Amino acid sequence: MKNRKKLTGMLLAAPVLLGTFIFFLLPFAICVKYSFTFGVGGAYFVGFDNYKEVFSSYAFQLAAVNTLRFLVVGVTLNLVLSFFIALLMKKGLAGSRFFRYILLLPLVLPIASVVMVIQVFFSETGIINHWLLSIGVPIVQWLEGPNAFYVLLGLYIWKSFGYSVILLLSGLNTIPEEFYQTAEVEGAGSLQKLVSITLPMMAPHFFLAAVMGIVNAFKSYREAFLLGGKHPHDSIYMIQHFLNNNFENLNYQKLSVAAILLFLVLFFLLCGLYLLQNRYREE
């Protein structure tokens, strides 16, 4: 009977395992092979030469710095603002019921229409520059200059903000009120309750919100591509641009190296976040 259950379980899991092997593990293995070879079909083994070439590439360095900068600034701002709003809503902020209804609205709007609205406002002949000229201020290159980074950052926070608020608000609602009542009886202030009760109890929810924020940050390539095309301003040239351009140029070696490096960075980043939240909860 026990062996029969194991066989049934294996048969049920077989489609998923087979699909994972065919569509994920096998392509990843091929990608690793390409990163160490050169020529059509990976004909020649070249060791780490491809990695050295990618690391010395200005395009890769620019893309890596911009992507890291976007992740650090965007995910941090998103978490801080989302947690602040979640705290206000937990305390019964006026209009919070209506606010909950519109939090997820950015997630259901078509990205093309959102970018079109952004271009209407922030293009060189857009509404904002027209208003600036009317008050005697020179026009600003919002999408073709360094300010494109902040436009893309604002778009990312606007899209990810509502989802993060809901995640963190659900975490706040799981904290028993008895903890706060006991702390208050013992003379703890608001800041002490926040540091000693709220933040440790919220560690798993912060971890999940950070992971989703990182995922959504990499999805911002769609917005960057629609705003600036294949070769946008240097401030919003991301790793995904580097990958896409090498794919179009059929440079599979560089593409493979960049993909593996991106995987390693994400893997160690998520492992670090996981260890950090476990350590914080234990303390």
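Model, not experiment: these values are computed from the prediction.

Reading guide: rules and limits
Residues numbered from 1 in each chain as written. Predicted model: local features only at pLDDT ≥ 70, side-chain atom pairs only at ≥ 80, totals over all residues. Heavy atoms only, no water. Disulfide = S-S within 2.5 Å. Helix = DSSP H or I, 4+ residues; strand = E, 2+ residues; numbered from the N terminus. Polar contact = N/O pair within 3.5 Å; in protein donor to acceptor, adjacent residues only side chain to side chain. Contact = heavy atoms within 4.5 Å. Axes fitted to C-alpha atoms, helices over the stretch in contact; angles between N-to-C directions. Parallel < 35°, antiparallel > 145°, perpendicular 65-115°, else oblique. Left-handed = near helix turned anticlockwise from the far one by under 90°. Expected span 1.5 Å × (residues − 1). Core = buried A, V, L, I, M, F, W, Y, C linked by side-chain atoms within 4.5 Å. Buried < 20%, exposed > 50% of the residue type's maximum accessible area, 1.4 Å probe, protein only. Patch = residues over 30% accessible without salt bridge, like charges linked within 9 Å, V, L, I, M, F, W, Y side chains within 5 Å. Areas by Shrake-Rupley, 256 points an atom, 1.4 Å probe, with all protein chains shown as cover. Salt bridge = Lys/Arg side-chain N within 4 Å of Asp/Glu carboxyl O. 1 Å grid on protein atoms, 1.4 Å probe; cavity = no way out; pocket = protein on both sides within 12 Å on 5 of 7 lines; lining within 4 Å. Points joined across faces, edges and corners; volume = space filled by probe spheres on them. Nonpolar A, V, L, I, M, F, W, Y, C, P; charged D, E, K, R; others polar.

## Points about the state of the cysteines
Here the structure, examined in full by the defined rule, presents zero disulfides. Free of any disulfide, Cys31 has its nearest cysteine sulfur in Cys271, 19 Å distant.

## A look at the side chain of Ser164
Relative to the helices and strands, Ser164 is located in helix 8 (residues 148–173). Within the structure, the side chain of Ser164 is placed 2.8 Å from the side chain of Asn78, a separation counted as a polar contact. Residue contacts for Ser164: discarding those within four places in its chain leaves Asn78 and Ser82.

## A short note on the environment of Ala112
Turning to its location among the elements, Ala112 is positioned in helix 6 (residues 111–122). C-alpha of Ala112 to C-alpha of Trp158: the two residues are 46 residues apart in sequence and 15 Å apart in space.

## A look at the packing of helix 3 (residues 58–90) against helix 11 (residues 203–219)
Axis separation between helix 3 and helix 11 bottoms out at 9 Å; the angle between their running directions is 135 degrees. As judged from the angle between their axes, helix 3 and helix 11 are oblique. Crossing hand, helix 3 versus helix 11: right-handed. Across the interface between the two elements, Thr67, Phe70, Leu71, Val75, Leu79 and Phe83 from helix 3 touch Phe206, Ala209, Ala210, Gly213, Ile214, Ala217 and Phe218 from helix 11.

## Details of helix 3
Between its terminal C-alpha atoms helix 3 stretches 47 Å, which fits the 48 Å expected from 33 residues at 1.5 Å a residue. Sitting at the amino-terminal end of helix 3 is Ser57, which places a side-chain oxygen 3.4 Å from the backbone nitrogen of Ala59. Within two residues after helix 3, Gly92 carries a phi angle of roughly 90 degrees, on the positive side.

## Re the nonpolar core
Among the nonpolar cores identified, the biggest contains 61 residues, and Phe60, Phe70, Leu152, Leu168, Met202 and Phe242 are the most heavily contacted of them. The leading source of residues in this core is helix 8, at 14 residues. Contact partners of Met202, with chain neighbours within four places excluded, come to Phe83, Leu168, Gly171, Leu172 and Ile175.

## Section: a nonpolar patch on the surface
On the surface, a nonpolar cluster with roughly 1,000 Å² of combined accessible area is contributed by Phe98, Tyr101, Ile102, Leu104, Leu105, Leu107, Val108, Leu109, Trp158, Tyr163 and Ile166. Elements that contribute at least two residues to the nonpolar patch include exactly helix 4 (96–102), helix 5 (105–108) and helix 8.

## Notes on the pattern of salt bridges
Under the defined criterion, the tally for this structure stands at four salt bridges. A salt bridge links Lys230 to Glu248; its shortest N-O distance comes to 3.2 Å. Residue Lys230 is located in the loop between helix 12 (221–228) and helix 13 (239–248), and its partner Glu248 is located in helix 13; the two are separated by 18 residues in the primary sequence.

## Some points on the layout of surface pockets
The space that makes up the largest pocket amounts to roughly 600 Å³. Along its surface, the largest pocket is lined by 22 residues, and Leu79, Phe206, Ala210, Leu273 and Leu276 are the ones closest to its centre. Sorting the residues of the lining of the largest pocket by element identifies helix 3, helix 11 and helix 14 (252–282) as the ones contributing at least two each. For the lining of the largest pocket, the element with the highest residue contribution is helix 3, accounting for 10 residues. Here the lining of the largest pocket is composed, by residue class, of 20 nonpolar, two polar and no charged. Size it by volume and the second largest pocket reaches roughly 330 Å³. Here the lining of the second largest pocket gets four residues from one element, more than from any other, and that element is helix 10 (residues 190–201). Considering only residue class, the lining of the second largest pocket consists of four nonpolar, two polar and four charged.

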